[in-house]
Amino acid sequence: MAKKPSLLSGFDLRRLWRPQHETASPSRSQPFRQHGSGRFWWHTLRNTDYVPPVYARLSEQEWALMAEWFSVTQANNTIGEINVPAMDFIQGLIMGNGIQRIVQLGHFCGYSALLIGFMLRAMRAKPGLISFDIAQEVTSFTQQWVAKAGLTEYVELVVADSASETAYDTAKLFLKGDPELILVDSSHQYAHTLAELD
C-alpha cells in the first residue's frame, strides 16, 4: 500500500530556520549574582548562574536601558519589582499565547511595565498594555522610562485607583477590546484586591 503524503511532505524546515544571533552574554546579569542584595536573591541561588529568559530575549539597547533603570532605582531605594521567576512565567504566558491586550493593576516604578512593553513591541501589539497606579509620583517616574524606551505606542499609564468602577471601561476603550490578561500587583491588601476583582 502506498504511503499517503503528509501535509509537511517536501517541507524542509532546515531551509527556513535561521540561527539566533548570539545568546545574551552571561555578564548581562552577572553583577546581580555578586551584589548580595535581597533584591537580587534569585541570581544567588545555586543553579541560576545564567541569564534568565526574561533578560535573555532583550536587545542590547533594551538591556542597557534596564541596567540603567536598576542603577537609578537602587540609588533611589525605590525597590519593589516582581521577582525573576514570576516575570519569566508572565513572559511565557504573554508571548507563548500571543496575548496582546493586557491590564496591569499597579506599576510602581515600571519594571514589569517596561519588560511587558518590550514583549509587546516584539509582537507588534499596540496598544498592548494599560497600567493603573494610584500614585502620581511613581507614574511620572515610570512614564519617563517608558518614553526613554520608545514604548509609548505600546504602554499607557493611568493615575487612578485600580479598584474604581471606571477602570475596566477605561482599559477596554484604550485596548480596543476586552482585556486578555489582567495582572494584579497593586496594594496587596485583601479588601482592595477583592474590589479589583469585583
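Rules and cut-offs
Residues numbered from 1 in each chain as written. Predicted model: local features only at pLDDT ≥ 70, side-chain atom pairs only at ≥ 80, totals over all residues. Heavy atoms only, no water. Helix = DSSP H or I, 4+ residues; strand = E, 2+ residues; numbered from the N terminus. Contact = heavy atoms within 4.5 Å. Salt bridge = Lys/Arg side-chain N within 4 Å of Asp/Glu carboxyl O. Buried < 20%, exposed > 50% of the residue type's maximum accessible area, 1.4 Å probe, protein only. Pairing = 2+ DSSP bridges. Right-handed = clockwise from strand over helix to strand, strands pointing away. Core = buried A, V, L, I, M, F, W, Y, C linked by side-chain atoms within 4.5 Å.

Observations concerning the environment of Leu 120
1) Next: Along the chain, Leu 120 falls in helix H6 (residues 111-122).
2) Next: For the pair Leu 120 and Arg 101, spaced 19 residues apart in the sequence, the C-alpha separation amounts to 9.3 Å.
3) Next: If we skip the residues at most four places from it in the chain, Leu 120 touches Ile 99, Gln 100, Ile 102, Ala 125, Gly 128, Leu 129 and Tyr 154.

Examining the pattern of salt bridges
1) Next: Tallied over the full model, the rule gives seven salt bridges.
2) Next: With a closest N to O distance of 3.8 Å, Asp 49 and Arg 33 form a salt bridge. Here Asp 49 is found in the loop between helix H2 (30-35) and helix H3 (53-56), whereas its partner Arg 33 is found in helix H2, with 16 residues between them in sequence.
3) Next: Here Glu 153 and Lys 126 are joined by a salt bridge, their closest N and O atoms 3.0 Å apart. Taken together, the residues Glu 153 in the loop between helix H7 (136-148) and strand S3 (155-159) and Lys 126 in the loop between H6 and strand S2 (129-133) connect sequence positions 27 residues apart.
4) Next: On the accessibility criterion, Glu 153 (48% relative accessible area) is partly exposed.

Considering the pairing of S3
1) Next: Two strands pair when backbone bridges link them, and S2 and S3 are joined in this way by five bridges, in the parallel orientation. Bridged to Ser 131 within S3 is Leu 157.
2) Next: Handedness of the crossover joining S2 and S3 through H7: right-handed.

Considering the nonpolar core
1) Next: If you look at the biggest cluster of nonpolar residues, it comprises 41 residues, and the most contacted ones within it are Tyr 55, Met 66, Leu 114, Leu 115 and Ile 116.
2) Next: Of all the secondary structure elements, the ones that give two or more residues to this core are H3, helix H4 (60-76), helix H5 (84-97), H6, H7, S3 and strand S4 (181-184).
3) Next: By residue number, the principal contributor to this core is H6, which donates eight residues.
4) Next: If near-sequence neighbours (up to four positions away) are discounted, Leu 114 is found in contact with Leu 65, Met 66, Trp 69, Trp 145, Val 146, Ala 149 and Leu 151.
5) Next: In this structure, Leu 105, Ile 130, Phe 132 and Ala 171 belong to the second largest nonpolar core, which totals eight residues.

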